[in-house]
Amino acid sequence: MACGGGRATSYALAEARGKPEGLDLKPRQGRYFYGVIAASMIIGLGLSFIGVNPIHALVFAAVFNGVIAVPLIWFLNRIASDRRVMGDARSGWLSRITLIVTFIGMAGAVVAMAISYLHG
């Protein structure tokens, strides 16, 4: 579990920082990439030692991703439809409507989850 998540994180962070990435790199070539994987594995191992239930951690991560997706979808729609930012590559009407429907559905799910949680 930690290795797969660490690998995905490693690819994302290495790419964002302009560092070499990929499992085909030798350790010296991909120090940053392999360092993130190693750090992720150490964090995962540490969580196991302090008694964090991995299933609860996965559920928490999924819920967190669902909640944070709502404002991200809104920002994505705003940026993608802004002609000043995107120029001629701005989103078409179908894409914008799809994002709005997705935003409403995700926001509704977050509200329903919050109500469910508050009412026990």
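Residues numbered from 1 in each chain as written. Predicted model: local features only at pLDDT ≥ 70, side-chain atom pairs only at ≥ 80, totals over all residues. Heavy atoms only, no water.

Turning our attention to helix α2 (residues 31-49). Quick reminder: α-helices carry 3.6 residues per turn. Residues three or four places apart thus point the same way. If you check α2, its first and last C-alpha atoms are 26 Å apart, about what 19 residues at 1.5 Å a residue would give, namely 27 Å. Among all positions of α2, only F33, V36, I37 and S40 are buried. Along the axis of α2, the buried residues cluster in a sector spanning 100 degrees; they form a single face. Away from the buried face of α2 by more than 90 degrees, exposed residues R31, I42 and F49 are located. Just past α2, the residue G51 takes up positive phi, approximately 95 degrees. (Helix = DSSP H or I, 4+ residues; strand = E, 2+ residues; numbered from the N terminus. Expected span 1.5 Å × (residues − 1). Buried < 20%, exposed > 50% of the residue type's maximum accessible area, 1.4 Å probe, protein only. Arc of directions from axis to C-beta.)

Taken together, the side chains of I43, L45, L47, F49, I50 and V52 present a nonpolar region at the surface, about 630 Å² in accessible area. With respect to the element layout, I50 can be found in the loop between α2 and α3 (54-80). For I50, a relative accessible area of 67% corresponds to the exposed category. (Patch = residues over 30% accessible without salt bridge, like charges linked within 9 Å, V, L, I, M, F, W, Y side chains within 5 Å. Areas by Shrake-Rupley, 256 points an atom, 1.4 Å probe, with all protein chains shown as cover. Salt bridge = Lys/Arg side-chain N within 4 Å of Asp/Glu carboxyl O.)

This paragraph deals with the pattern of salt bridges. Here the structure, examined in full by the defined rule, presents one salt bridge. The partner of D82 in a salt bridge is R84, and the shortest N-O contact between them spans 3.3 Å. Given a relative accessible area of 76%, R84 falls into the exposed group.

Describing an aromatic ring pair means giving the distance of the ring centres and the angle of the ring planes. Summed over all chains, the structure comprises four aromatic pairs. Aromatic pair Y11 and F33: ring centres 4.8 Å apart, planes at 70 degrees, arrangement edge-to-face. Of this pair, Y11 sits in helix α1 (residues 2-16) while F33 is found in helix α2, placing the two residues 22 residues apart along the sequence. Overall, the relative accessible area of 31% leaves Y11 in the partly exposed class. We classify F33 as buried; its relative accessible area is 0%. Measuring from ring centre to ring centre gives 5.1 Å for W74 and F75, while their planes differ by 70 degrees; the resulting arrangement is edge-to-face. What links up through ring pairs into an aromatic cluster is the set Y11, F33 and Y34. (Phe/Tyr/Trp six-rings, centres within 6.5 Å; stacked < 30°, edge-to-face > 60°.)

Looking at where P71 falls in the secondary structure, it is placed in helix α3. The exposure class of P71 is partly exposed, given its relative accessible area of 35%. Along the chain, P71 and A107 lie 36 residues apart, while their C-alpha atoms are 8.8 Å from each other.

With that settled, consider the environment of W93. Note on placement: W93 falls in helix α5 (residues 93-118). Separated by 47 residues in sequence, W93 and G46 place their C-alpha atoms 48 Å apart.

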